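# Fold and geometry: a report
Residue strings, one per chain:
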Amino acid sequence: MASTCLSFSCLSNSSLNSCSPFNSSSPSAIRLNSVKKNSRVRVSLSSRVGPVVFKDLDADDIRHPLDKQNTLILKAIPGLNEIVKALVGTVAEQVMILENIGTSVLVAENQLSDLHKLMVEAAEVLNIEAPDLYVRQNPVPNAYTLAVSGRKPFVVVHTSLVELLTRRELQAVLAHELGHLKCDHGVWLTLANILTVGAYSVPGFGGIIAQRLEEQLFRWLRAAELTCDRAALVVAQDPKVVVSVLMKLAGGCPSLSDQLNVDAFLEQARSYDKASSSPFGWYIRNAQTSQLSHPLPVLRAREIDEWSKSQEYQSLLSRAIRISSAQKV
């Protein structure tokens, strides 16, 4: 079993075992160029209309540099794959599957069809097979992904998150979850989580090993979240949609959502950078984030805003193609 706990907020940052959360109609529109080729239309960067895909999109196209770096470090830990195969069996897999199916609503074309459409379109944009999607009654805004070996992965979204976000924002959350699948994050999260728990039970050096692994795991988790924020942006193609999700999860509720200001939240992020730029501020910032499984919301907002202005993102977006209604790929 490979499980991925993802969130656009840091509501449950204290534990590896807790999944914390990360919108509006289909992804933001992109204005189409007038030149057509093979019934596909190259799209510009300003707006989007209709289904848009990245047929040759690779995980490394969106993977954050820190994700690449920390994934290599995890891969260097010997025997992780063998350990997880030995520790996780079919019983644990079946428990998780039945528990989810028994307590949630499976989204399909004939069940919550609008949500189904958002998931299918996001998966098409990211060039990945759409996983199953479940909606679960829960007052804590949350979304997470489970990838069980040999089975189709699935995403779970809590009802409170659906209530909090617009449809475009909700689709950005789904894209974030798909980013974890696109980049195979679930495998490393499960392996490291199991190894950490197991190491703490070993007398003597077990605790030391677990602590060092846990520190590395948290560094990787925070980097992986930055990657998946990029996946959300690739689908939304509007940084304000992604930043709005982060802002709402940091301090939003349905009754206040129409009063929230994305630009003010980004200014708040810049203020945090300035306040933590001194040596003492840098120390406090490290102490504040070192034990978190997700980066601070303001830091994620600043990071995705900066990437949206980068040449890397603009070049990636220029590869988007619109699929005509007569030809789907």
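Residues numbered from 1 in each chain as written. Predicted model: local features only at pLDDT ≥ 70, side-chain atom pairs only at ≥ 80, totals over all residues. Heavy atoms only, no water.

## Regarding the overall build of the protein chain
Going by this rule: Per the convention used, a helix needs a DSSP run of H or I reaching at least four residues, while a strand needs a run of E reaching at least two, with both numbered from the N terminus. In this description, accessible areas are obtained by the Shrake-Rupley approach with a 1.4 Å probe, and a residue is regarded as covered only by the protein chains that are shown.
In terms of regular secondary structure, the protein chain is built from 14 helices and 9 strands. If you sum the accessible surface of the protein chain, you get close to 15,300 Å²; carbon and sulfur atoms cover 56% of it.

## Looking at the pattern of salt bridges
Oppositely charged side chains are able to pair whenever their charged atoms sit close together. Using the following cut-off: When a carboxyl oxygen of Asp or Glu lies within 4 Å of a side-chain nitrogen of Lys or Arg, that pair is called a salt bridge. Per-residue accessibility, obtained with a 1.4 Å probe over protein chains only, is compared with the maximum for each type, and a residue is labelled buried under 20%, exposed over 50%, and partly exposed between these values.
Within the structure shown, the criterion is met by 15 salt bridges. The partner of Arg300 in a salt bridge is Glu225, with the nearest N and O atoms 3.4 Å apart. With a gap of 75 residues between them, Arg300 in helix H13 (residues 297-308) and Glu225 in helix H9 (residues 205-236) connect regions that are remote in the sequence. Note on Arg300: relative accessible area 0%, which makes it buried. Put simply, Lys309 and Asp305 hold a salt bridge, and the shortest N to O gap is 3.2 Å.

## Notes on the pairing of strand S6 (residues 132-136)
Two faces belong to every sheet, and in a regular strand the side chains alternate between them. We count it as follows: What makes two strands pair is DSSP finding at least two bridges between them.
Most of S6 is tucked away: 4 of the 5 residues are buried. Pairing geometry for strand S5 (residues 105-107) and S6, over 3 bridges, is antiparallel. Counterpart to Leu106 in the pairing with S6 is Tyr134.

## Notes on the nonpolar core
Side chains of nonpolar character tend, in soluble globular proteins, to be buried together. Going by this rule: Here the nonpolar core consists of buried residues drawn from Ala, Val, Leu, Ile, Met, Phe, Trp, Tyr and Cys, with membership extended through side-chain atoms lying within 4.5 Å. The contact criterion used throughout is that any non-hydrogen atoms of two residues lie within 4.5 Å.
By size, the foremost hydrophobic cluster in this structure holds 58 residues, and its most contacted members are Phe54, Leu126, Leu133, Val157 and Val234. In contact with Leu133, not counting residues within four places along its chain, are Val105, Leu106, Val107, Leu115, Met119, Val155, Val157 and Leu174.

## Brief notes about the packing of aromatic side chains
Note the following rule: Pairing of aromatic side chains here covers Phe, Tyr and the six-membered ring of Trp, requires ring centres within 6.5 Å, and sorts the geometry by plane angle: under 30 degrees stacked, over 60 edge-to-face, intermediate tilted.
In the structure shown here, the tally under the stated rule is 2 aromatic pairs. Centre to centre, the rings of Tyr134 and Phe154 are 5.5 Å apart; their planes meet at 75°, and the pair counts as edge-to-face. Residue Tyr134 is located in strand S6, and its partner Phe154 is located in strand S8 (residues 154-158); the two are separated by 20 residues in the primary sequence. The same class applies to Tyr134 as to Phe154, namely buried.

## Re the pairing of S8
The buried fraction of S8 amounts to 5 of the 5 residues, a majority that puts the element mostly inside the structure. Where S6 lies against S8, 5 bridges are found, and the strand directions are parallel. Across the sheet, the residue bridging to Leu133 is Val155, located in S8.

## Considerations on unusual backbone geometry
Its identity as a non-glycine residue notwithstanding, Asn127 has a phi of 60°, on the positive side. Along the chain, Asn127 turns up in the loop between helix H5 (113-125) and S6.

## Side note on the state of the cysteines
This is how it is decided: Note on terminology: pairs of cysteine sulfur atoms within 2.5 Å are recorded as disulfides.
Applying the stated criterion to the full structure yields 0 disulfides. Just so you know, Cys183 is unpaired, no disulfide at all, and the nearest cysteine sulfur is the one on Cys228, 5.9 Å from it. In this structure Cys183 comes out as buried when scored by relative accessible area, which is 4%.

## Considering helix H11 (residues 262-275)
Quick reminder of the rule: A helix is expected to span 1.5 Å multiplied by its residue count minus one. In this context, the arc is that of the directions from the helix axis out to the C-beta atoms.
An ideal rise of 1.5 Å per residue puts 20 Å on 14 residues; H11 measures up with 20 Å between its terminal C-alpha atoms. If you check which residues of H11 are buried, you get Val262, Phe265, Leu266, Ala269 and Tyr272. The buried residues of H11 occupy an angular sector of 105° when projected down its axis, which confines them to one face. In H11, the exposed positions that point more than 90 degrees away from the buried face belong to Lys274 and Ala275. Among the structural elements, helix H10 (239-251), helix H12 (279-289) and H13 are those in contact with the buried residues of H11.

## Regarding the packing of helix H7 (residues 167-182) against H10
Note the following rule: Angles here are taken between N-to-C directions and fall from 0 to 180 degrees, while the axes themselves are lines fitted to C-alpha atoms, restricted in helices to the stretch in contact. Angle categories: roughly parallel below 35 degrees, roughly antiparallel above 145, roughly perpendicular from 65 to 115, and oblique for all the rest.
At a closest axis distance of 9 Å, the pairing of H7 and H10 adopts a crossing angle of 90°. Between H7 and H10, the angle falls in the class roughly perpendicular. Residues Arg168, Glu169, Ala172 and Val173 of H7 form the contact with H10, whose participating residues are Val241, Ser244, Val245 and Lys248.

## Observations regarding a nonpolar patch on the surface
Basically, it comes down to this: Residues forming no salt bridge and having over 30% relative accessible area are the ones grouped into patches, like charges within 9 Å of each other and nonpolar side chains (Val, Leu, Ile, Met, Phe, Trp, Tyr) within 5 Å.
Taken together, the side chains of Phe280, Trp282, Tyr283 and Ile284 present a nonpolar region at the surface, about 520 Å² in accessible area. Mapped onto the elements of the fold, Trp282 is located in helix H12. Here Trp282 falls in the exposed class, since its relative accessible area comes to 53%.

## Re the side chain of Arg136
Along the chain, Arg136 falls in strand S6. On the basis of relative accessible area, Arg136 is assigned to the buried category, the value being 16%. Excluding residues that lie within four positions of it along the chain, Arg136 makes contacts with Glu99, Asn100, Thr103, Ser104, Tyr144, Val156, Val157, His158 and Thr159.

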